[in-house]
Amino acid sequence: MAAFALSDGQRETLRALCDTVISRLSEEEVAEALRIPLADVDPEHVKAYCKTRGSDLAVPEAVEAALATHLPEDVQRELSILLTAMGTRLGMLVLTGFASSFAALTPEQREQAVTGLRTSAISAKRKAFVSLKSLIALKTMGLDWSKTNPLNHGKEASSIWAALGYEGPAPHAEIEALTKAAGREEFVYTMLNSTISKDTTLTFDVVIVGSGCGGSVVAAQMAQAGKRVLVLDKGPYFKRRDMSSVEGESFDKLYDRGGLITSEDTGISILSGSCFGGGSTINWACSLRMQDHVKKEWATEYGMPMFADGTFDAALDAVCSRLHVTKDGVVHNGSNSVLLKGCEKLGYEIDTAPQNLADVSWWQGGGFVSCGDRYGNKQTATETWLKDAALAQTPAQFADRCEVESVLHKGGVAQGVKARIVGADGVTKYSLVVNAPIVVVSCGSIQSPALLLRSKIPDPHKQIGKNLRLHPVTGATGVMPKDHEPVRSWQGAPMTTVSNVVAAGPDNDMYGSKLECPIAHPGITSALTPWKSGAEFKKNMLNYPSTAAIIVLTRDKYGGEVRIDKNGVARVYYKVGDHLVRSLLQGLEKALRIFEAAGAEQIVLAQFDEPVILPPLSDPKGREMVLERLIKETQDMKFPLYKVPLFSAHQMGTCRMGTDRRASVVKPTCEAWECSGLYVIDASCFPTSSGTNPMITTYGIAYMAAQGLVQRQASSLPSRL
């Protein structure tokens, strides 16, 4: 397959698009931006920020690299066709009504053309706008351009960041001094790749595909039981110093497909880890246990009493102890403080969310956990279970940059895996066959079913890949007054509060939503910030230090599906149904009321092109009137496709467990119904969505499954229900 590359004409169009989304402001617009009161911001940085275009930052090149590296062939082809069409008079006439190539238009005409795409009644045009605008914004605001921006004010700090009050990640030397003082010495793993210089066949007792929350626990338990364990991960292994914590770089290196996975039919953005340590490397430290009503549902409706008889609770106790989960002494950052204040004023239920941190006191680096924790504070799989596996009397072995193509099986019995692995030279890929009587698939709810489908695991009831749950998320942001303490939502642990005020849901069936606070670095914030014009976009982003964010995380009742394309690549399909919409709107209403109660002066929603200005606190009736109108208009508009983004950081259910083989993929032991010796142990085995951040539930299920596997191995008993 030929490497993806844009033509010169396509690059010219992309460059013009980047300079439209991230435009150079006029002198009048710069003066207006300088009138915005910004605490501790050098006006020279603001001037440079306003004057910098996308092409000044090599954003077009960064966008092209992302397209080439992370997107499937058909999506690359679609974007190539779009850029080609926008480079012709006929194509532009059809797309925008302008009979000129996009690059030949004046800046004002370019904005009009882009606005036509953004507001089009045709969803394909809106999709084109959203896809390119989001990626352009992410690369602009999410990367450190201090050394390469010709308009940067000085070389010490990026003017793009400094204008927003964002200091970026701390330097390595500072972090290493802190970790040394705290006694958090790094455990360094040895990768088996260094021994590979030819096509290789290996033999182990257990081969585990995936090193995240599921695979890491199984690796530790099996290695400590004396089994020869090999853990494979398609992603790379990064030592702390190998990670920069720069947001845009972290997406490229640590996330599956660079964070650019979307549902094929509804455009939901899907974030999942793809590095050694899996999702635990980039997920947040919020460590919520499964609620009792979900445990009861799984026990009674799915025939698995261990979720309600204390067995699962004991597993949760064990994993929470190892992960140092606690909520005692947790310090809340700016966004969480706003959520807490608003809920308390309104009488809404609100609680502190436990964290899997070694130190839960104020931690400025806590906001960077989604970019890989260089402090060693978050108790990830690499800090805990994988370390236990490596230090076992029979040490587990590990390989990164190893993409498993298929599970080997014959006559309904697992025999091992076949993979492609990067060898000792760091470049050449070799064939790797691992023979093992126990194969554990722990690739996550997108890649686990894809591996089973590529492997042609028997699936008589067509359950593999079905029942996908996403915990779809919407959100809103509130701009706090300038006399309010700066929010700086990128500082401190991100998700330390949780409200269950609408957890019961619109139908009172416990399929509702949680209100939580996300990490909000400038890249992802800008990708989700409404764009009306280049000037308005930059002006609104200057409110970033004063902006608090609340997400509505919904326990989805109905599922989507993971399929594979002709190349074996996972593709996601997920319909947004009426129940989900009503649940999201119920949660969003509460979020808007919380912002008003907490004293926000502006509310930003993707449904609207501009921030909604609230009257001052001295006018409570006026604020109430604007708020009620905003809620009504939001409920009327709902979530138009490719206008209001939805996203997911939690994927579940695509290889679900159960006692009915006609409606599940694996048994309650996590062993596949149709292939003995094959286990699926990750969030894909959830019978339903969990309704809480699934990390602790996944760890608990993995611990329970691994304990059962160890016991059966010791007694040589076959797996039974």
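Predicted model only: the values in this text are computed from it and were never measured.

1. A short note on the packing of helix 1 (residues 8-21) against helix 8 (residues 123-141)
Where helix 1 contacts helix 8, the two axes come as close as 10 Å, and the packing angle between them is 70 degrees. As far as their axial angle goes, helix 8 and helix 1 are roughly perpendicular. Between helix 1, through Leu 17, Cys 18 and Val 21, and helix 8, the contact on the second element is made entirely by Leu 132, Lys 133 and Ile 136. Per-class residue counts for the contact of helix 1 with helix 8 are five nonpolar, no polar and one charged.

2. What to know about the environment of Ser 684
Following the sequence through the fold, Ser 684 ends up in the loop between strand 23 (678-680) and helix 23 (695-715). Overall, the relative accessible area of 0% leaves Ser 684 in the buried class. Ser 684 sits 282 residues away from Cys 402 along the chain, and the two C-alpha atoms are 21 Å apart. The contact partners of Ser 684, leaving out residues within four places of it in the chain, are Gly 444, Ser 445, Ser 448, Met 652, Gly 653, Thr 654, Cys 655 and Arg 656. A polar side-chain atom of Ser 684 sits 2.4 Å from a polar atom in the side chain of Asp 682.

3. Looking at the sheet that holds strand 23
Here we have five strands laid out as an open sheet, ordered 9-3-2-13-23, and parallel in their pairing. One side of each edge strand has no neighbouring strand; the edge strands of this open sheet are strand 9 (397-399) and strand 23. Taking the axes of each pair of neighbouring strands and ignoring which way they run, one obtains an average angle of 20 degrees across the sheet. Note: strand 3 (residues 229-232) against strand 9, three bridges, orientation parallel. Residue pairing in the sheet places Leu 232 in a bridge with Ala 399 of strand 9. Contacting strand 2 (206-209), strand 13 (438-441) and strand 23, helix 18 (residues 444-454) crosses the sheet at an angle of about 135 degrees to strand 13.

4. A look at the pairing of strand 10 (residues 402-410)
Sheet analysis places strand 10 next to strand 11 (residues 413-422), joined by eight bridges and oriented antiparallel. Across the sheet, Leu 408 pairs through a bridge with Gly 416, a residue of strand 11. The loop that links strand 10 with its antiparallel partner strand 11 comprises two residues; one of these, Gly 411, has a positive phi angle of about 60 degrees.

5. Details of the pattern of salt bridges
For the structure on display, the rule yields 40 salt bridges. Across the salt bridge formed by Lys 139 and Asp 252, the nearest N and O atoms sit 3.1 Å from each other. In this pair, Lys 139 is assigned in helix 8 and Asp 252 in helix 12 (residues 247-254), connecting sequence segments 113 residues apart. In this structure Lys 139 comes out as buried when scored by relative accessible area, which is 3%. Looking at Asp 252, the relative accessible area reads 31%, which means it is partly exposed. Between Asp 660 and Arg 662 there is a salt bridge, and its shortest N-O distance comes to 3.0 Å. Under the relative-accessibility criterion, Asp 660 is labelled partly exposed at 29%.

6. Topic: the confidence of the model for the protein chain
When pLDDT is averaged along the protein chain, the result is 96; 99% of the residues meet or exceed 70. Counting interchain partners and residues more than four positions distant, the pLDDT-below-50 stretch residues 717-721 has twelve contacts.

7. A short note on the nonpolar core
A general feature of soluble globular proteins is that nonpolar side chains tend to end up buried together. Leu 232, Phe 398 and Tyr 699 are the most contacted members of the largest nonpolar core, which totals 88 residues. Excluding anything up to four places from it in sequence, Tyr 699 contacts Cys 213, Ser 216, Val 217, Ser 280, Val 319, Leu 323, Gln 379, Thr 380, Ala 381 and Trp 385.

8. Points about the packing of aromatic side chains
If you walk through the whole model with that rule in mind, you get 17 aromatic pairs. Ring centres of Trp 161 and Tyr 166 lie 5.1 Å apart, and the angle between their planes is 90 degrees; this geometry places the pair in the edge-to-face category. By relative accessible area, Tyr 166 is classed as buried at 4%. Each ring, one from Tyr 189 and one from Phe 398, has its centre 5.4 Å from the other, and the planes form 85 degrees; the classification is edge-to-face. Here Phe 398 lies in strand 9 and Tyr 189 lies in the loop between helix 10 (172-182) and strand 1 (200-203), a separation of 209 residues in the sequence. Grouping residues by exposure puts Tyr 189 and Phe 398 together as buried.

9. Points about the state of the cysteines
Throughout the structure, instances matching the rule amount to zero disulfides. Cysteine Cys 213 remains unbridged, with the sulfur of Cys 275 as its closest cysteine sulfur at 11 Å. Note on Cys 320: no disulfide assigned, nearest cysteine sulfur contributed by Cys 286 at a separation of 11 Å. For Cys 320, a relative accessible area of 8% corresponds to the buried category.

Conventions and cut-offs
- Residues numbered from 1 in each chain as written.
- Predicted model: local features only at pLDDT ≥ 70, side-chain atom pairs only at ≥ 80, totals over all residues.
- Heavy atoms only, no water.
- Axes fitted to C-alpha atoms, helices over the stretch in contact; angles between N-to-C directions.
- Helix = DSSP H or I, 4+ residues; strand = E, 2+ residues; numbered from the N terminus.
- Parallel < 35°, antiparallel > 145°, perpendicular 65-115°, else oblique.
- Contact = heavy atoms within 4.5 Å.
- Nonpolar A, V, L, I, M, F, W, Y, C, P; charged D, E, K, R; others polar.
- Buried < 20%, exposed > 50% of the residue type's maximum accessible area, 1.4 Å probe, protein only.
- Polar contact = N/O pair within 3.5 Å; in protein donor to acceptor, adjacent residues only side chain to side chain.
- Pairing = 2+ DSSP bridges.
- Salt bridge = Lys/Arg side-chain N within 4 Å of Asp/Glu carboxyl O.
- pLDDT = per-residue confidence, 0-100.
- Core = buried A, V, L, I, M, F, W, Y, C linked by side-chain atoms within 4.5 Å.
- Phe/Tyr/Trp six-rings, centres within 6.5 Å; stacked < 30°, edge-to-face > 60°.
- Disulfide = S-S within 2.5 Å.

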